[in-house]
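Structural characterization, general
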Amino acid sequence: ATIDSLTGCESRLSLLDAMHREIAMVRGTDQQVALLWIDLDGFKGINDQLGHHIGDEVLRLLVHRLGQQIRRSDRVGRLGGDEFGVLLCEDVQPARINAVADRLLAAVREPLRVADGTVHATAAIGVATAPGDAAQADDLLRADLAMYAAKSRGGDRYERFNESIGVEAVAKARLRHELTAALRSGDFCLYYQPIFEAD
(Lines give C-alpha, C1' and ligand atoms only; values in the text may rest on other atoms or scores of the structure.)
Protein backbone atom coordinates (compact mmCIF):
# COMPACT_ATOMS: atom_id res chain seq x y z
CA ALA A 1 0.00 0.00 0.00
CA THR A 2 2.99 2.33 0.41
CA ILE A 3 4.42 1.86 -3.10
CA ASP A 4 2.77 2.75 -6.41
CA SER A 5 2.80 -0.51 -8.38
CA LEU A 6 3.22 1.15 -11.79
CA THR A 7 6.00 3.66 -11.15
CA GLY A 8 7.72 2.37 -8.01
CA CYS A 9 7.44 5.74 -6.24
CA GLU A 10 5.48 6.27 -3.03
CA SER A 11 1.72 5.82 -3.08
CA ARG A 12 -0.71 8.64 -2.27
CA LEU A 13 -1.28 7.04 1.14
CA SER A 14 2.44 6.93 1.91
CA LEU A 15 3.00 10.52 0.77
CA LEU A 16 0.09 11.76 2.91
CA ASP A 17 1.54 9.90 5.88
CA ALA A 18 4.92 11.58 5.27
CA MET A 19 3.21 14.96 5.05
CA HIS A 20 1.54 14.41 8.45
CA ARG A 21 4.88 13.51 10.03
CA GLU A 22 6.86 16.35 8.45
CA ILE A 23 4.26 18.98 9.35
CA ALA A 24 4.22 17.73 12.96
CA MET A 25 8.02 18.03 13.07
CA VAL A 26 8.11 21.67 11.89
CA ARG A 27 5.14 22.84 13.97
CA GLY A 28 6.30 25.46 16.44
CA THR A 29 9.60 26.04 14.64
CA ASP A 30 10.64 28.47 11.92
CA GLN A 31 10.91 25.59 9.41
CA GLN A 32 8.38 24.62 6.77
CA VAL A 33 7.61 21.90 4.25
CA ALA A 34 6.39 22.34 0.69
CA LEU A 35 4.28 20.22 -1.62
CA LEU A 36 4.71 20.59 -5.37
CA TRP A 37 1.68 19.09 -7.13
CA ILE A 38 2.66 18.07 -10.68
CA ASP A 39 0.14 17.34 -13.43
CA LEU A 40 1.16 16.47 -16.98
CA ASP A 41 -0.29 18.67 -19.73
CA GLY A 42 -2.27 16.70 -22.32
CA PHE A 43 -1.43 13.25 -20.97
CA LYS A 44 -4.78 11.90 -22.16
CA GLY A 45 -3.61 12.56 -25.72
CA ILE A 46 -0.54 10.39 -25.17
CA ASN A 47 -2.70 7.51 -23.94
CA ASP A 48 -5.30 7.92 -26.70
CA GLN A 49 -2.87 8.34 -29.60
CA LEU A 50 0.05 6.10 -28.59
CA GLY A 51 -1.63 3.60 -26.29
CA HIS A 52 -1.72 3.04 -22.54
CA HIS A 53 1.46 0.94 -22.60
CA ILE A 54 3.35 4.02 -23.87
CA GLY A 55 1.58 6.22 -21.31
CA ASP A 56 2.69 3.87 -18.55
CA GLU A 57 6.26 3.95 -19.83
CA VAL A 58 6.17 7.77 -19.87
CA LEU A 59 5.02 7.83 -16.22
CA ARG A 60 7.81 5.47 -15.15
CA LEU A 61 10.45 7.55 -16.95
CA LEU A 62 9.11 10.77 -15.47
CA VAL A 63 9.17 9.43 -11.90
CA HIS A 64 12.83 8.53 -12.40
CA ARG A 65 13.56 12.06 -13.65
CA LEU A 66 11.65 13.73 -10.81
CA GLY A 67 13.66 11.73 -8.29
CA GLN A 68 16.90 13.01 -9.83
CA GLN A 69 15.92 16.64 -9.18
CA ILE A 70 15.45 16.43 -5.41
CA ARG A 71 17.44 15.61 -2.29
CA ARG A 72 17.46 12.29 -0.45
CA SER A 73 15.36 13.83 2.32
CA ASP A 74 12.60 14.80 -0.15
CA ARG A 75 9.83 12.48 -1.35
CA VAL A 76 8.09 11.69 -4.65
CA GLY A 77 4.62 10.12 -4.66
CA ARG A 78 1.92 9.38 -7.17
CA LEU A 79 -1.27 11.21 -6.26
CA GLY A 80 -3.30 9.54 -8.99
CA GLY A 81 -3.36 9.13 -12.78
CA ASP A 82 -0.71 11.45 -14.19
CA GLU A 83 -0.46 13.55 -11.02
CA PHE A 84 2.55 13.42 -8.71
CA GLY A 85 3.56 15.12 -5.50
CA VAL A 86 7.07 16.19 -4.55
CA LEU A 87 7.43 16.85 -0.83
CA LEU A 88 10.35 19.11 0.13
CA CYS A 89 11.36 18.47 3.73
CA GLU A 90 14.60 20.28 4.56
CA ASP A 91 15.85 23.82 4.02
CA VAL A 92 12.54 24.79 2.46
CA GLN A 93 13.09 28.42 1.51
CA PRO A 94 11.33 30.31 -1.33
CA ALA A 95 14.50 30.31 -3.46
CA ARG A 96 14.89 26.54 -3.12
CA ILE A 97 11.21 25.92 -3.91
CA ASN A 98 11.47 28.03 -7.07
CA ALA A 99 14.71 26.32 -8.12
CA VAL A 100 13.24 22.84 -7.64
CA ALA A 101 10.05 23.78 -9.53
CA ASP A 102 12.15 25.10 -12.43
CA ARG A 103 14.24 21.91 -12.47
CA LEU A 104 11.16 19.69 -12.41
CA LEU A 105 9.59 21.57 -15.34
CA ALA A 106 12.85 21.31 -17.30
CA ALA A 107 13.10 17.57 -16.54
CA VAL A 108 9.58 16.94 -17.84
CA ARG A 109 10.30 19.03 -20.94
CA GLU A 110 13.25 16.85 -21.98
CA PRO A 111 12.19 14.44 -24.79
CA LEU A 112 11.26 10.99 -23.51
CA ARG A 113 12.55 8.02 -25.49
CA VAL A 114 10.00 5.23 -25.45
CA ALA A 115 9.57 1.97 -27.37
CA ASP A 116 7.79 3.57 -30.34
CA GLY A 117 9.94 6.71 -30.60
CA THR A 118 10.08 10.00 -28.75
CA VAL A 119 7.39 11.68 -26.64
CA HIS A 120 7.35 15.35 -25.69
CA ALA A 121 5.61 16.45 -22.50
CA THR A 122 5.15 19.48 -20.27
CA ALA A 123 3.60 19.88 -16.84
CA ALA A 124 1.76 22.34 -14.63
CA ILE A 125 2.93 22.60 -11.01
CA GLY A 126 1.14 24.01 -7.99
CA VAL A 127 3.03 24.84 -4.80
CA ALA A 128 1.75 25.08 -1.22
CA THR A 129 3.68 25.27 2.03
CA ALA A 130 2.99 24.32 5.63
CA PRO A 131 2.48 25.94 8.00
CA GLY A 132 2.28 29.01 5.72
CA ASP A 133 -0.61 27.87 3.50
CA ALA A 134 -1.79 24.87 5.49
CA ALA A 135 -2.04 23.82 9.10
CA GLN A 136 -2.29 20.10 8.34
CA ALA A 137 -1.55 17.60 5.58
CA ASP A 138 -5.02 17.59 4.02
CA ASP A 139 -4.86 21.39 3.69
CA LEU A 140 -1.47 21.12 2.00
CA LEU A 141 -3.27 19.37 -0.87
CA ARG A 142 -4.63 22.78 -1.88
CA ALA A 143 -1.46 22.89 -3.95
CA ASP A 144 -3.75 21.34 -6.57
CA LEU A 145 -5.63 24.65 -6.75
CA ALA A 146 -2.39 26.41 -7.64
CA MET A 147 -1.70 23.65 -10.19
CA TYR A 148 -5.07 24.31 -11.86
CA ALA A 149 -4.20 28.01 -11.94
CA ALA A 150 -0.92 27.14 -13.70
CA LYS A 151 -2.82 24.92 -16.14
CA SER A 152 -5.36 27.67 -16.89
CA ARG A 153 -2.46 29.96 -17.81
CA GLY A 154 -1.27 27.52 -20.48
CA GLY A 155 0.68 24.93 -18.47
CA ASP A 156 4.45 24.38 -18.54
CA ARG A 157 4.77 26.64 -15.49
CA TYR A 158 4.30 26.71 -11.75
CA GLU A 159 2.11 28.81 -9.50
CA ARG A 160 2.28 29.40 -5.76
CA PHE A 161 -0.91 29.00 -3.74
CA ASN A 162 -2.34 32.26 -2.42
CA GLU A 163 -5.61 33.36 -0.90
CA SER A 164 -6.99 34.75 -4.17
CA ILE A 165 -6.53 31.33 -5.81
CA GLY A 166 -8.36 29.77 -2.85
CA VAL A 167 -11.23 32.28 -3.00
CA GLU A 168 -11.54 31.83 -6.78
CA ALA A 169 -11.61 28.04 -6.45
CA VAL A 170 -14.33 28.18 -3.77
CA ALA A 171 -16.39 30.59 -5.91
CA LYS A 172 -16.12 28.30 -8.95
CA ALA A 173 -17.07 25.24 -6.90
CA ARG A 174 -20.08 27.09 -5.45
CA LEU A 175 -21.16 28.23 -8.93
CA ARG A 176 -20.90 24.66 -10.29
CA HIS A 177 -22.97 23.38 -7.37
CA GLU A 178 -25.64 26.07 -7.81
CA LEU A 179 -25.85 25.55 -11.58
CA THR A 180 -26.23 21.79 -11.11
CA ALA A 181 -28.98 22.31 -8.52
CA ALA A 182 -30.74 24.84 -10.80
CA LEU A 183 -30.65 22.43 -13.77
CA ARG A 184 -32.10 19.61 -11.68
CA SER A 185 -34.92 21.73 -10.33
CA GLY A 186 -35.79 23.22 -13.74
CA ASP A 187 -34.93 26.81 -12.81
CA PHE A 188 -33.64 27.67 -16.30
CA CYS A 189 -35.86 28.99 -19.08
CA LEU A 190 -34.87 29.24 -22.73
CA TYR A 191 -35.71 32.49 -24.54
CA TYR A 192 -35.18 33.34 -28.20
CA GLN A 193 -34.18 36.86 -29.16
CA PRO A 194 -34.99 37.35 -32.84
CA ILE A 195 -32.65 39.60 -34.81
CA PHE A 196 -34.30 41.96 -37.27
CA GLU A 197 -32.79 44.09 -39.97
CA ALA A 198 -33.85 47.60 -38.92
CA ASP A 199 -34.48 48.83 -42.49
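From a predicted model like this one, the values you see are computed outputs, not experimental measurements.

For side chains of opposite charge, pairing can occur when their charged atoms come near one another. Across all of its chains, the model carries 11 salt bridges by this definition. In this structure, the salt-bridge partner of Glu-159 is Arg-157, at a minimum N-O distance of 2.6 Å. Here the salt bridges do not stand alone but share partners, grouping Asp-39, Asp-41 and Lys-151 into one network.

Quick look at helix H6 (residues 143-152) now. What H6 keeps buried is the set Ala-143, Asp-144, Ala-146, Met-147, Ala-149 and Ala-150. Positive backbone phi, at 105 degrees, marks Gly-154, one or two positions downstream of H6.

Counting residues in hydrophobic clusters, the biggest one holds 33 residues, and the most contacted among them are Leu-36, Ile-38, Val-58, Val-86, Leu-88 and Leu-104. Elements supplying a minimum of two residues to this core: strand S1 (33-40), helix H2 (43-50), helix H3 (52-68), strand S3 (83-88), helix H4 (94-109), strand S4 (112-114) and strand S6 (123-130). Residue contacts for Val-58: discarding those within four places in its chain leaves Phe-43, Ile-46, Leu-112, Val-114 and Val-119. One finds Leu-79, Ala-124, Ala-134 and Ala-150 within the second-largest nonpolar core, a separate group that totals 26 residues.

With that out of the way, let us pick up the sheet that holds S6. The mixed open sheet is built from 5 strands, whose spatial order is S2-S3-S1-S6-S7. Bordering the open sheet on either side are strand S2 (75-80) and strand S7 (157-160), each of which pairs with just one other strand. Each adjacent strand pair in this sheet contributes to an overall mean axis angle of 25 degrees, direction not counted. Here 4 bridges tie S6 to S7, and the two strands are oriented parallel to one another. Bridge assignment links Ile-125 to a residue of S7, and that residue is Tyr-158. Contacts from helix H1 (residues 12-26) reach S1, S2, S3 and S6, with the element oriented near 130 degrees to S2. Here H6 sits on the sheet in contact with S1, S3, S6 and S7, set at roughly 150 degrees to S6.

What follows covers a nonpolar patch on the surface. Residues Leu-175, Leu-179, Leu-183 and Phe-188 make up a contiguous nonpolar surface patch of roughly 410 Å² in combined accessible area. Here Phe-188 lies in the segment after helix H7 (163-184).

Moving on: the pairing of S3. With 6 of 6 residues buried, S3 is to be regarded as a mostly interior element. Where burial is concerned, the two faces of S3 agree: the one with Glu-83, Gly-85 and Leu-87 and the one with Phe-84, Val-86 and Leu-88 are both buried. Here S1 runs beside S3; their pairing, made up of 6 bridges, is antiparallel. Counterpart to Asp-39 in the pairing with S3 is Glu-83. Bridge count for S2 against S3 is 5 bridges, and the pairing is antiparallel. Looking across to S3, one finds that Gly-77 is bridged to Gly-85. From the end of S2 to the start of S3, which pair antiparallel, there are 2 residues, and Gly-81 there has a positive phi angle of about 55 degrees.

Turning to the packing of H3 against H4, a few remarks are in order. Closest axis-to-axis distance for the H3/H4 pair is 9 Å, and the angle between their directions is 145 degrees. Classified by chirality, the crossing of H4 by H3 is right-handed. Contact residues: H3 offers Leu-62, Arg-65 and Leu-66, while H4 offers Leu-104, Ala-107 and Val-108. Its residues placed into classes, the contact of H3 with H4 shows 5 nonpolar, no polar and 1 charged.

This prediction gives the protein chain a mean pLDDT of 91; 98% of its residues lie at or above 70. Mean pLDDT values over the elements of the protein chain span from 81, in H7, up to 97, in S3.

To continue, consider the packing of H2 against H3. Put simply, H2 and H3 touch, their axes get as near as 6 Å, and they point 140 degrees apart. By the criterion of interaxial angle, the relationship of H2 to H3 is oblique. Side by side, H2 and H3 meet where Phe-43, Ile-46, Asn-47 and Leu-50 of the first sit next to His-52, His-53, Ile-54, Gly-55, Val-58 and Leu-59 of the second.

What counts, and where the lines are drawn
Residues numbered from 1 in each chain as written. Predicted model: local features only at pLDDT ≥ 70, side-chain atom pairs only at ≥ 80, totals over all residues. Heavy atoms only, no water. Salt bridge = Lys/Arg side-chain N within 4 Å of Asp/Glu carboxyl O. Buried < 20%, exposed > 50% of the residue type's maximum accessible area, 1.4 Å probe, protein only. Helix = DSSP H or I, 4+ residues; strand = E, 2+ residues; numbered from the N terminus. Core = buried A, V, L, I, M, F, W, Y, C linked by side-chain atoms within 4.5 Å. Contact = heavy atoms within 4.5 Å. Pairing = 2+ DSSP bridges. Axes fitted to C-alpha atoms, helices over the stretch in contact; angles between N-to-C directions. Patch = residues over 30% accessible without salt bridge, like charges linked within 9 Å, V, L, I, M, F, W, Y side chains within 5 Å. Areas by Shrake-Rupley, 256 points an atom, 1.4 Å probe, with all protein chains shown as cover. Left-handed = near helix turned anticlockwise from the far one by under 90°. Nonpolar A, V, L, I, M, F, W, Y, C, P; charged D, E, K, R; others polar. pLDDT = per-residue confidence, 0-100. Parallel < 35°, antiparallel > 145°, perpendicular 65-115°, else oblique.

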